[in-house]
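# What the coordinates show
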Amino acid sequence: MKSLSSKFLALAFVSFVVTAAYAQQDVQAKPKPEDTEIWQPVPAVVTPAAECNAPPSDAIVLFDGKNVDEWVNVKDKQPALWDVHDGVMTVNKVGGSIETKRRFKDYQLHVEYKIPASITGSGQGRGNSGVFLASTGLGDDGYELQVLDGYNNPTYVNGMAGSIYKESIPLVNASRKPGEWQTYDVAWTAPTFNDDGSLKTPAYVTVFFNGILVQNHFELKGQTLYIGKPFYKKYDTAPIKLQAHGDKSEPMSYRNIWARELP
Ligand code: MG
């Protein structure tokens, strides 16, 4: 009798412990709002400019309308020969393409450009320039966001304004008329490479053209090429390049260029 009652007691105890454990687990499993709150680290305070095209407090100003001190000619790395006047800089086709002295990896970029109202030519020969998001060598080496008159100017659509040249057609044509200032706002994620030069992670780009999304986190297939299929070439950091295209149309102008490095 005694042994039966002690067995009963032991069983009761075990069932109590098991029930308590389940109850405890139940309490632990119940999610609270605080479980998913993150408090550290706190993002840095950046003061936006009163006018949103103006550089915010943490921007690197690459052209403020006064001089081209941040730029060199691509071909000889000498001071950039583009003409600064009236707060803008105008392409000098003899001087050729220019690139930043600074080198970048991942960044946000703001650029403004104007195709002259008197522009002539057609297709790729009408206001052709380009923002190379990474300039990886001489000439047109790198990754080009096309600049071109896109207003009633038919051309191949993967080479129109807002395209990633010969890689990605813009989602819409957001071009303004020649003679009007236009904006590009870009988020660039640089490609990364393994020690042997093979690709680790591809480049991505998001572009707003005159405030309208035209490239939405597009994954690049490599450098943008005039001829042939794109491929990647290892680099770590690179300048940003502005193209002096060899077309015969009037040179175009740029103003208000700034970048923010991304962690
Ligand atoms: Mg171009």
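As a reminder, the structure under discussion sits directly above these lines.
In this report, we go over the structure that sits alongside the text. What you see is a predicted model, and the numbers here were worked out from it, not measured in a lab.

## Here's the deal with unusual backbone geometry
Of note, the amide linkage connecting Gln-40 to Pro-41 takes the cis form, showing an omega dihedral of -5°. Inspection of the secondary structure puts Pro-41 in the loop between helix H1 (2-29) and strand E1 (60-63). Even without being glycine, Lys-77 reaches a positive phi, approximately 60°. Looking at where Lys-77 falls in the secondary structure, it is placed in the loop between strand E2 (71-73) and strand E3 (83-85). Residue classification places Lys-77 among the partly exposed residues on the basis of a relative accessible area of 44%.

## Digging into the coordination of the magnesium ion
The magnesium ion binds to the protein through Asn-128 (OD1), Ser-129 (O), Glu-144 (OE), Gln-146 (OE1) and Gln-243 (OE1), with metal-donor distances spanning 2.2 to 2.3 Å. Linear spacing of the donor residues for the magnesium ion on their chain is N-S-x14-E-x1-Q-x96-Q. Taken together, the positions of Ser-129 in strand E7 (residues 129-135) and Glu-144 in strand E8 (residues 142-147) put the pair 15 residues apart, joining distant regions of the chain.

## Let's talk about the nonpolar core
Soluble globular proteins: nonpolar side chains tend toward being buried together. If you look at the biggest cluster of nonpolar residues, it comprises 48 residues, and the most contacted ones within it are Leu-109, Val-131, Tyr-184, Trp-188 and Tyr-254. Of all the elements in the fold, those that place two or more residues in this core are E1, strand E6 (107-114), E7, E8, strand E9 (181-189), strand E12 (204-209), strand E13 (212-219) and strand E15 (253-261). The greatest single-element share of this core, amounting to 4 residues, is contributed by E6.

## What about the sheet that holds strand E5 (residues 98-100)?
Strand order in the open sheet made by the 5 strands is E2-E5-E14-E7-E8, with antiparallel pairing throughout. Looking at strand neighbours, the two that pair on one side only are E2 and E8, the edges of this open sheet. Across 2 bridges, the pairing between E5 and strand E14 (residues 241-242) is antiparallel. Counted as the bridge partner of Glu-99 is Lys-241 from E14.

## Focus on the pattern of salt bridges
Inspection of the entire model under this criterion finds 10 salt bridges. A salt bridge links Arg-260 to Asp-58; the shortest N-O distance between them is 2.8 Å. Residue Arg-260 is found in strand E15, and its partner Asp-58 is found in the loop between H1 and E1; the two are separated by 202 residues along the sequence. On the basis of relative accessible area, Arg-260 is assigned to the buried category, the value being 18%. With a relative accessible area of 33%, Asp-58 lands in the partly exposed category. In this structure, Lys-93 and Asp-247 form a salt bridge, with 2.5 Å as the shortest nitrogen-oxygen distance. One end of the pair, Lys-93, is in the loop between strand E4 (88-90) and E5; the other, Asp-247, is in the loop between E14 and E15, with 154 residues separating them in the sequence. Look at Lys-93 and you get partly exposed, because its relative accessible area is 32%.

Parameters and conventions
Residues numbered from 1 in each chain as written. Predicted model: local features only at pLDDT ≥ 70, side-chain atom pairs only at ≥ 80, totals over all residues. Heavy atoms only, no water. Helix = DSSP H or I, 4+ residues; strand = E, 2+ residues; numbered from the N terminus. Buried < 20%, exposed > 50% of the residue type's maximum accessible area, 1.4 Å probe, protein only. Donors = N, O, S within 2.8 Å, 3.2 Å for Na, K, Ca; no water. Core = buried A, V, L, I, M, F, W, Y, C linked by side-chain atoms within 4.5 Å. Pairing = 2+ DSSP bridges. Salt bridge = Lys/Arg side-chain N within 4 Å of Asp/Glu carboxyl O.

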